[in-house]
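Okay, here's what each chain looks like letter by letter:
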Amino acid sequence: MLIRTGPKNRENFWLWFTKIAAGFLIIFLLGIHLIVNHLIVPGGLLSYRQVLAYYQIPFIPIMEVFFLIIVFTHSFIGVRSIILDLNPSKRVLSIVDVALVSVAFIFIVYGTWLVIVVYQLGRL
Amino acid sequence: MSEPKWLVDFQILRQHPGDKPHFKIYPLEVDPEENVLDAIERIWAKKDRTLTFRHACHHSTCGVCGMRVNGVEKLTCITAIKSVTKNGGIVRVEPLRNFTVLSDLVVDMGPFFRHMGETRFNSVAPVGYASLPFEPDPTNSIPLERLVDCIECGLCISACPAATTNAEYSGPAALAAIQLMLTQNFSPDLMALADHDNGAWRCHSAFECSEVCPSNVDPAWRIMNLRRRVVAHRFKSLFKFPKQEKQHA
Amino acid sequence: MHNTPQSNKWPLWFDPRHRKMGSWAFILNRITAIGLTVYLCMHLIVLSKLAMGPEAYDSFIALAKKPAVIIGEMFVIAGAIIHGLNGIRITITSFGFGVRYQKPIFIGLMVIAGAAIFLFGYKIFSEL
């Protein structure tokens with residue numbers, strides 16, 4: 001029997017593994033993102049028309065939304081891990097968890113909306 | 001013929017309860033082959049009897065003389081003065097980091113020993129488990145036991161960035177001890193201790209613990225191996241099926 | 001007393017003095033992580049200009065092509081490359097592989113990072 005009976009476990013294998021797996025996927029997705037946005041196009045940045053044209057490629061909107069979800073997952077689990085290094089109290093961590101999940105949800109919904117808008121603008 | 005003497009300034013961090021920490025300089029004539037602990041003892045004996053520090057075996061077995069020398073964690077009983085300074089130079093001596101300082105160079109090892117105690121750490125193990133797997137086997141596969149390498153000096157805790165901000169973190173030594181115990185016998189309690197936010201997931205792969213370990217524990221390697229064991233355990237438990245009863249004719 | 005682990009000691013995470021390569025990798029990873037998270041949120045907010053029409057977005061792109069902004073963008077790209085490649089090293093070692101070789105792995109990956117950052121920088125600055 002363990003001498004130390006608490007505190008409650010606040011970061012287990014699955015959370016860590018999700019962060020690692022998301023990070024691995026980001027390497028590919030971010031690689032594509034950086035190459036398309038900075039290496040391929042003359043001038044190093046896509047213009048408005050070029051962005052709209054890019055989002056007309058069939059799998060790109062889905063890929064970008066997936067990228068958005070993955071990158072916020074990785075980033076915010078990482079931020080939470082940094083905060084856990086500070087040994088926050090149960091109350092502070094609860095507030096942090098709610099804040100991180102809320103902010104991530106808002107950005108993901110907003111980003112998905114933006115992808116849909118850009119896709120529809122490109123079809124006009 | 002003896003080595004010519006060096007004149008070295010020892011800057012020692014002094015702090016007694018109620019005092020503000022401050023460095024005090026002790027110029028000392030030393031034999032460069034001497035160890036830092038020898039100099040500290042001579043400073044205590046001949047210059048300042050109020051200086052507090054720990055010392056015991058003088059041959060890197062007990063682990064009590066761990067301090068920071070010029071910012072780096074060392075066992076002062078085996079740290080030659082010539083390896084950390086030159087003639088006319090400075091040796092800066094501070095207590096270990098990430099431990100509460102009780103007085104001068106003496107720190108509170110209590111929490112550390114509690115973390116080690118939770119692992120039910122066994123100081124003796126079969127040679128095959130006590131040694132790192134990539135080391136040559138000196139026993140020619142004869143089943144022998146030996147004292148494990150960890151001398152519980154705490155240098156790894158001092159060097160660990162995660163231990164700087166979190167007193168609940170088990171720390172490299174305890175995690176290495178869990179790995180050592182788990183390689184010998186699986187225990188769900190020890191696995192739970194490892195698969196915990198204050199266990200293996202608090203390590204961020206700085207590898208400083210292995211850089212400063214004076215005793216060949218290689219805690220970083222053991223922590224990464226522990227993570228591998230946790231990963232394997234977690235995946236295996238996903239595919240565990242309940243035992244089926246045998247049908248008898 | 002002094003030295004006790006406390007949350008307010010977090011600046012010491014970024015102190016590289018007397019530390020070895022593994023610590024430099026940890027410091028770089030943490031700085032790039034925080035920087036990229038902040039940039040990620042800013043980037044998404046700025047992209048709202050796409051919904052405001054070509055004039056709004058293209059005028060933002062014209063601003064983004066100014067040297068000062070491009071230098072900032074290069075820091076982001078460098079941070080992403082360094083964080084990603086060091087992340088590979090952390091992942092490999094965290095599964096118990098290559099731990100004894102973490103230093104040469106770090107050096108090798110940072111050489112690759114340097115080459116990639118140079119390639120991006122050359123491409124971007126040569127078209128200014």
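Just so you know, these numbers come straight off a predicted model, no measurement behind them. (Residues numbered from 1 in each chain as written. Chains lettered and ligands numbered in written order. Predicted model: local features only at pLDDT ≥ 70, side-chain atom pairs only at ≥ 80, totals over all residues.)

A look at the overall build of chain B
Each helix and strand in chain B was counted, giving 9 helices and 9 strands. The principal-axis extent of the C-alpha atoms belonging to chain B is close to 90 × 45 × 25 Å. For chain B, the residues scored as buried account for 46% of the 249 residues in total. Within chain B, contacts between residues at least 6 apart in sequence are counted, and of these 63% link residues at least 24 apart. (Helix = DSSP H or I, 4+ residues; strand = E, 2+ residues; numbered from the N terminus. Buried ≥ 20, exposed ≤ 12 C-beta atoms within 10 Å, placed from the backbone. Contact = placed C-beta atoms within 7 Å.)

Some remarks on the interface of chain B and chain C
With 32 residues of chain B in contact, the opposing surface of chain C contributes 26 residues. Breaking the side of chain B that touches chain C down by element, the ones donating at least two residues are α5 (162–165), α8 (208–212) and α9 (219–238) of chain B. With 7 residues, α9 of chain B is the single largest residue contributor to the side of chain B that touches chain C. For the side of chain B that touches chain C, a count of residues per class yields 17 nonpolar, 10 polar and 5 charged. (Nonpolar A, V, L, I, M, F, W, Y, C, P; charged D, E, K, R; others polar.)

Overview of the nonpolar core
What tends to happen in soluble globular proteins is that the nonpolar side chains get buried as a cluster. If you look at the biggest cluster of nonpolar residues, it comprises 77 residues, and the most contacted ones within it are F10, V36, V93, C156, L175, A177 and I178 of chain B. Counting residues domain by domain, this core receives three or more from each of domain 1 (6–107) and domain 2 (110–238) of chain B. When neighbours within four sequence positions are excluded, L175 of chain B is seen to be in contact with S170, A194, G199, A200, C203, P219, R222, I223 and L226 of chain B. Judged by nonpolar contacts, the second largest core, of 14 residues, contains L30 of chain A together with L36, A80 and I81 of chain C. (Core = buried A, V, L, I, M, F, W, Y, C linked by C-beta atoms within 7 Å. Domains from an automatic or database assignment.)

Some words on the confidence of the model for chain A
Taken over all residues, the pLDDT of chain A has a mean of 90, while the share at 70 or more is 94%. Confidence drops under a pLDDT of 50 for residues 1–5 of chain A, and excluding neighbours within four residues, the segment shows 6 contacts in the predicted structure. (pLDDT = per-residue confidence, 0-100.)

With respect to the domain arrangement of chain B
For an interface, size is often stated in terms of accessible area lost upon the parts coming together. Residue and element names in this part refer to chain B. Domain assignment breaks chain B into domain 1 (6–107) and domain 2 (110–238). In this structure, domain 1 and domain 2 have C-alpha centres spaced 28 Å apart. Facing the 14 residues of domain 1 at the interface are 14 residues of domain 2. Across the side of domain 1 that touches domain 2, the residue classes break down as 6 nonpolar, 5 polar and 3 charged.

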